[in-house]
Amino acid sequence: MTHQYLDRHFRRAGLLQNARHIPIKALSLVVILSSSWLTASPLGEFETLAFERLGKRFQKHSSGNLIAQTVPASNIIQASNQINLNGHLISVAWQRRLDRIGLTDAGLMQSLGLELLNTEDPTQQPVKWFSEPTVEPIVLPTWLAGKNRYLDITDLAQRNGWRVQPIGHILHITMPSTQLIGMRQGQQTWGDRIVLDLERSISWRLTEQPGQFVVTVDAAIDPTLIANFEAKSGNLLTSLQVTSEAGQTVIRGSITQTARPRVSTLPYPNRLVIDIREDYLVGRNLLWAPGLRWRQHYVSVGSVRFPVYMLIVDPRQSSIILRPIWSDPATAVGISPLIATAERWQAAAAINAGFFNRNNRFPLSPVRVNNRWIAGPILDRGAIAWNDSGEIRLGRLALQQSLTTDRGRQFPVQTINTGYVEPGIGLYTPAWGSTYTSILDNEILIIVENNRVVNQQPTGVSGSVTVKLPPQGYLLAVRAYSEAAAALSPGVSLQLTARTLPTEFEGYPHIVGGGPVLVQNQQIVLNASAESFSNAFATQAAPRSAIGKTADGDLILAAVFNRPGGRGPTLSELAQIMVHLGSVDALNLDGGSSSSLYLSGRLLNRNPRTAARVHSGIGIFFSP
């Protein structure tokens with residue numbers, strides 16, 4: 001599927017018009033690479049994996065190693081998003097391809113407790129599940145279908161004696177029953193540890209909310225064991241409760257706000273280990289799909305370590321398509337969780353992008369797709385632009401617009417489709433939505449159709465007047481600019497001109513904004529005040545998102561979270577982190593509770609319960 005073909009689907013779906021739903025239908029893709037794969041080193045006593053900088057990166061069109069094949073749609077016999085796991089209904093996407101059963105990797109991690117290990121082959125995913133990777137590696141074949149990557153569990157199920165049977169739209173998975181036969185807990189120098197002894201391997205699930213966690217194990221437990229277990233508080237663990245519910249064992253814990261649980265499995269004997277620690281990040285480095293790498297590890301800035309979650313994207317890879325995404329394709333107004341936005345657009349991966357007004361849900365950063373402004377730039381702030389050939393530009397961006405009347409009068413237009421308002425003329429196109437409601441008191445609303453003023457309407461207090469936006473025109477909101485209001489009377493013909501500054505941005509159809517610019521030409525150029533950001537914003541320590549370009553043209557989509565026991569990075573620390581990651585150019589995106597990095601159904605960098613609603617993002621799509 002070419003970029004042009006996908007763009008036609010985007011147009012039909014309303015990305016370039018005003019439709020409300022986006023039925024993007026990506027074909028399945030199987031990529032066959034060389035058979036070599038790398039497993040992660042065993043964690044031993046659960047220490048964080050050490051990462052080395054990649055000496056050899058995946059290259060497009062390698063010498064005969066990469067063969068991309070389209071999986072015939074007829075091979076997908078069944079597909080749904082519900083499984084019955086040991087008698088409990090869970091939402092997990094699954095597919096049946098011929099005689100093989102696949103679950104999404106997110107589903108396997110969240111419902112069965114499989115841990116993904118490092119790999120350089122996106123068609124073969126090593127996993128850890130009550131196993132020792134260096135002794136008995138478990139490697140699951142994978143396939144891509146739409147926005148999801150599926151792991152083939154057929155052989156794993158057979159080896160472990162699972163009964164797997166699709167019935168209607170529900171996939172039934174039943175594991176041999178087992179017992180939880182022992183429990184113990186203890187304090188560690190880094191936090192607390194809880195160990196559960198099991199008769200055999202079994203599925204488990206972790207759910208979290210700030211300061212609390214629940215681990216549900218699909219194993220029965222003797223009530224006597226619960227009664228004899230002396231739960232106690234620890235270094236980071238403030239309370240612990242063990243209960244038996246519907247044949248499952250449920251571990252509930254309260255922890256300090258700076259800690260999170262890290263759950264792992266061990267074999268010989270089978271154990272489930274729950275570590276409560278402030279340095280909870282598990283290192284990961286896997287080629288998730290051709291052109292898309294998932295990495296996460298700690299990065300040091302001085303004496304401080306920050307957990308960094310990354311998606312490294314090769315925009316030149318023929319199967320990779322990058323597009324701006326926003327909360328509602330029918331309007332520039334609105335915010336929603338990045339997970340909801342990514343799933344609405346059917347993106348495989350995404351990162352949150354620019355700024356917005358949380359109260360009125362208006363955008364405050366640019367979004368342009370296929371040369372069409374959904375929201376325009378303000379205050380000469382930073383932006384990133386790209387084309388479908390994988391070329392990228394990053395820097396500060398402004399949009400210079402003007403109106404010329406048939407009587408030779410010329411007036412500047414400050415903004416387009418934005419919640420940033422000031423005296424002058426604001427421009428609103430159908431991308432803003434079907435209607436416009438006055439934002440400031442005493443606006444003059446001017447309707448332009450086919451380059452001619454057809455109506456002019458005064459307003460009173462803000463929000464008092466709502467008008468329809470013309471499908472073949474635009475609206476001008478004139479604010480405290482009586483000269484322009486008098487000159488733009490009904491019947492006057494207009495010519496609207498616009499150009500980006502710098503003009504090089506004109507050659508890039510897709511743009512999203514943020515700011516400030518962090519790095520250019522390998523040098524830290526952070527200047528928050530030059531982009532009209534306050535000093536408090538620049539020096540605040542908080543989780544942050546950023547996007548960077550490497551010397552070889554890859555994109556780094558990074559989310560940096562809180563340092564162990566503390567807060568996230570300042571902008572200066574973020575700039576240093578992006579340089580450390582290999583960025584020659586880098587841009588700050590919206591941060592704090594907005595910072596979100598999404599991959600195939602889950603947030604990588606945080607608990608979704610702590611993620612705020614956002615306006616826009618950058619979506620990653622796959623096409624064969």
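Details of the structure are given in the entry above.
Calculation rules
- Residues numbered from 1 in each chain as written.
- Predicted model: local features only at pLDDT ≥ 70, side-chain atom pairs only at ≥ 80, totals over all residues.
- Heavy atoms only, no water.
- Phe/Tyr/Trp six-rings, centres within 6.5 Å; stacked < 30°, edge-to-face > 60°.
- Buried < 20%, exposed > 50% of the residue type's maximum accessible area, 1.4 Å probe, protein only.
- Lys NZ or Arg CZ within 6 Å of the ring centre and 35° of its normal.
- Helix = DSSP H or I, 4+ residues; strand = E, 2+ residues; numbered from the N terminus.
- 1 Å grid on protein atoms, 1.4 Å probe; cavity = no way out; pocket = protein on both sides within 12 Å on 5 of 7 lines; lining within 4 Å.
- Points joined across faces, edges and corners; volume = space filled by probe spheres on them.
- Nonpolar A, V, L, I, M, F, W, Y, C, P; charged D, E, K, R; others polar.
- Pairing = 2+ DSSP bridges.
- Axes fitted to C-alpha atoms, helices over the stretch in contact; angles between N-to-C directions.
- Core = buried A, V, L, I, M, F, W, Y, C linked by side-chain atoms within 4.5 Å.
- Contact = heavy atoms within 4.5 Å.
- Salt bridge = Lys/Arg side-chain N within 4 Å of Asp/Glu carboxyl O.

**Q** For this particular structure, what's the right way to read the packing of aromatic side chains?
**A** Given two aromatic rings, their pairing is described by the distance between the two centres and the angle made by the two planes. Enumeration according to the criterion identifies 12 aromatic pairs in this entry. A centroid spacing of 4.8 Å and a plane angle of 15° characterise the contact between Phe533 and Phe537, whose relative ring orientation is stacked. Phe533 sits in the buried class, given a relative accessible area of 9%. Ring pairs connect the aromatic residues Phe362, Tyr428, Trp432 and Tyr436, which therefore count as one cluster. Positioned above the aromatic ring of Tyr280 is the side chain of Arg260, whose terminal nitrogen or guanidinium carbon lies 5.1 Å from the ring centre. Seen from the ring of Trp190, Arg277 lies directly overhead, with NZ or CZ sitting 4.2 Å from the centre.

**Q** Before we go on, may I ask you to explain unusual backbone geometry in this structure?
**A** Peptide bonds are trans in most cases, and residues, glycine excluded, mostly fall at negative phi. With omega at 0°, the peptide bond leading from Leu501 into Pro502 counts as cis. Turning to its location among the elements, Pro502 is positioned in the loop between β40 (494-501) and β41 (510-513). Residue Gly515 is joined to Pro516 through a cis peptide bond whose omega torsion reads -5°. As for its placement among the helices and strands, Pro516 is situated in the loop between β41 and β42 (517-520). Residues other than glycine seldom take positive phi values, yet Asn371 does so here, at roughly 70°. Residue class for Asn371 comes out partly exposed when judged on its relative accessible area of 47%. Non-glycine residue Asn417 carries a positive phi angle of around 50°. The residue Asn417 is located in the loop between β33 (415-416) and β34 (424-428) in this model. A relative accessible area of 0% means that Asn417 is categorised as buried.

**Q** What is the right way to look at the layout of surface pockets in this model?
**A** Gaps left between atoms are located by rolling a probe of water-molecule size over the structure's atoms. The calculated volume of the largest pocket comes to roughly 1,400 Å³. Around the largest pocket, the lining is made up of 47 residues, and of these Met109, Gln110, Leu206, Arg602 and Leu603 lie nearest the centre. Counting residues per element, the ones that place at least two in the lining of the largest pocket are β4 (88-97), α2 (105-112), β14 (204-209), β19 (260-266), β22 (292-301), α5 (338-345) and β48 (602-603). The element that contributes the greatest number of residues to the lining of the largest pocket is β19, accounting for six residues. Class assignment for the residues of the lining of the largest pocket results in 20 nonpolar, 16 polar and 11 charged.

**Q** How do you make sense of the sheet that holds strand β30 (residues 392-396) when you look at a structure like this?
**A** Paired through their backbone hydrogen bonds, the strands of a sheet run either parallel or antiparallel. With antiparallel pairing, five strands are arranged side by side in an open sheet as β28-β27-β41-β29-β30. Looking along the sheet, the strands with just one partner apiece sit at the ends: β28 (372-375) and β30. Within the sheet, the average angular offset between the axes of one strand and its neighbour, ignoring direction, is 20°. Relative to β41, strand β27 (residues 367-369) is paired through two bridges, and the arrangement is antiparallel. Within β41, the residue paired with Arg368 across the bridge is Ile511.

**Q** Looking at this structure, I do not really get the nonpolar core. What am I missing?
**A** One recurring pattern in soluble globular proteins: nonpolar side chains tend to sit buried together. With 85 residues, the main nonpolar core has Leu103, Leu292 and Ile384 as its most contacted residues. Residues in contact with Ile384, not counting those within four places in the same chain, are Ile392, Arg393, Leu394, His510, Ile511, Val512, Ile547, Leu555, Leu587 and Ile618. Residues Val333, Phe356, Tyr428 and Ala431 belong to the second largest nonpolar core, which totals 34 residues.

**Q** Is there a simple way to explain the sheet that holds β33 in this structure?
**A** With mixed pairing, the five strands of this open sheet are ordered in space as β33-β34-β39-β36-β37. Whereas interior strands pair on both sides, the edge strands pair on one side only; in this sheet they are β33 and β37 (452-458). Sheet analysis places β33 next to β34, joined by two bridges and oriented parallel. Directly across from Thr415, in β34, lies its bridge partner Gly426.

**Q** What am I meant to see in the pattern of salt bridges here?
**A** Pairing of side chains with opposite charge becomes possible as their charged atoms draw close. Taken as a whole, this structure holds 21 salt bridges when the rule is applied. For Arg277, the salt bridge identified is with Asp279, shortest N-O distance 2.9 Å. We note that Arg277, like Asp279, is buried. Salt-bridge contacts for Arg316 lead to Asp314; the nearest nitrogen and oxygen are separated by 2.8 Å. Residue Asp314 is classed as buried on the basis of its relative accessible area, which comes to 4%. The structure contains a network of salt bridges with shared partners spanning Arg100, Asp152 and Asp155.

In short, geometric facts, not functional conclusions.
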